[in-house]
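# Results of the structural survey
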Amino acid sequence: MGIELTESIATYLRAKFKNEMAGAPARAAFPDHFSLLLLQECDHLVNVLVAAYRNRKTTSWAVDSYAAYLADTSPKSTGRNERYEEQIKKYLEGNILVWYMPACLLKPRQVRAMLLQSGIG
């Protein structure tokens, strides 16, 4: 059920996000096999994503200008990877650089994730 559940969750999240962004009054249909907790978690995650998307910030600088600045001021600590740099510059122009979404997971899921990560769970 692992990959099927993941695909089902992703499909629901995508549909709900699109509806929310479009201001559609219809709710995205969720699978019958979702638990109430899973549905709440998905809805919460979409609300956080919508809020993050609507609260976009832009920079006053271009990615390639920033890379050049780093190279000039601190050539040994730029963190640059010449192999991927040109592809990244092309991709990032006008696109989202970072998503910051505190509390995108509900508290019980955060606790379980931290316990699993620490080897306790």
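Notes on the structure follow.

Criteria and cut-off values
Residues numbered from 1 in each chain as written. Predicted model: local features only at pLDDT ≥ 70, side-chain atom pairs only at ≥ 80, totals over all residues. Heavy atoms only, no water. Helix = DSSP H or I, 4+ residues; strand = E, 2+ residues; numbered from the N terminus. Expected span 1.5 Å × (residues − 1). Buried < 20%, exposed > 50% of the residue type's maximum accessible area, 1.4 Å probe, protein only. Contact = heavy atoms within 4.5 Å. Core = buried A, V, L, I, M, F, W, Y, C linked by side-chain atoms within 4.5 Å. Axes fitted to C-alpha atoms, helices over the stretch in contact; angles between N-to-C directions. Parallel < 35°, antiparallel > 145°, perpendicular 65-115°, else oblique. Left-handed = near helix turned anticlockwise from the far one by under 90°. Nonpolar A, V, L, I, M, F, W, Y, C, P; charged D, E, K, R; others polar. Salt bridge = Lys/Arg side-chain N within 4 Å of Asp/Glu carboxyl O.

Its 19 residues place the ends of helix 2 (residues 36–54) 27 Å apart at the C-alpha level, agreeing with the 27 Å of an ideal helix rising 1.5 Å per residue. Here helix 2 has its buried residues at Leu38, Leu39, Glu41, Cys42, Asp43, Val46, Val48, Val50 and Ala52. Where helix 2 is buried, its residues contact helix 1 (2–22) and helix 5 (107–118).

For aspartate 43, the position within the fold is in helix 2. Once the C-alpha coordinates of aspartate 43 and lysine 16 are considered, the two residues, 27 residues apart in sequence, prove to be 7.9 Å apart. Contact partners of aspartate 43, with chain neighbours within four places excluded, come to Tyr12, Lys16 and Arg27.

Counting 10 residues, the largest nonpolar core consists of Ile9, Tyr12, Leu13, Ala28, Phe34, Leu38, Leu39, Cys42, Val46 and Val50. Counting residues per element, the ones that place at least two in this core are helix 1 and helix 2. Broken down by element, the residue count for this core peaks at 5 residues, all from helix 2. In this structure, leucine 38 is in contact with Leu5 and Ile9, ignoring residues within four places of it in sequence.

Right, let's talk about the packing of helix 1 against helix 2 for a bit. Two numbers describe how helix 1 lies on helix 2: the axes approach to 10 Å, and their chain directions differ by 45°. Between helix 1 and helix 2, the interaxial angle falls into the category oblique. Classified by chirality, the crossing of helix 2 by helix 1 is right-handed. In this structure, helix 1 contributes Leu5, Ile9, Tyr12, Leu13, Lys16, Phe17, Glu20 and Met21 to the contact, and helix 2 contributes Leu38, Leu39, Cys42, Asp43, Leu45, Val46, Leu49, Val50, Tyr53 and Arg54. Taken together, the residues of the contact of helix 1 with helix 2 break down into 14 nonpolar, no polar and 4 charged.

The next thing to look at is the pattern of salt bridges. Enumeration according to the criterion identifies 2 salt bridges in this entry. Between lysine 16 and glutamate 20 there is a salt bridge, and its shortest N-O distance comes to 3.3 Å. Of the two residues, lysine 16 and glutamate 20 are both situated in helix 1; the distance of 4 residues between them amounts to about one turn of the helix. Exposure remark for lysine 16: the relative accessible area of 4% places this residue in the buried category. Of the charged contacts, one joins aspartate 43 and lysine 16 as a salt bridge, the two residues approaching to 3.9 Å between their closest N and O atoms. Separated by 27 residues along the polypeptide, aspartate 43 in helix 2 and lysine 16 in helix 1 bring together distant segments of the chain.

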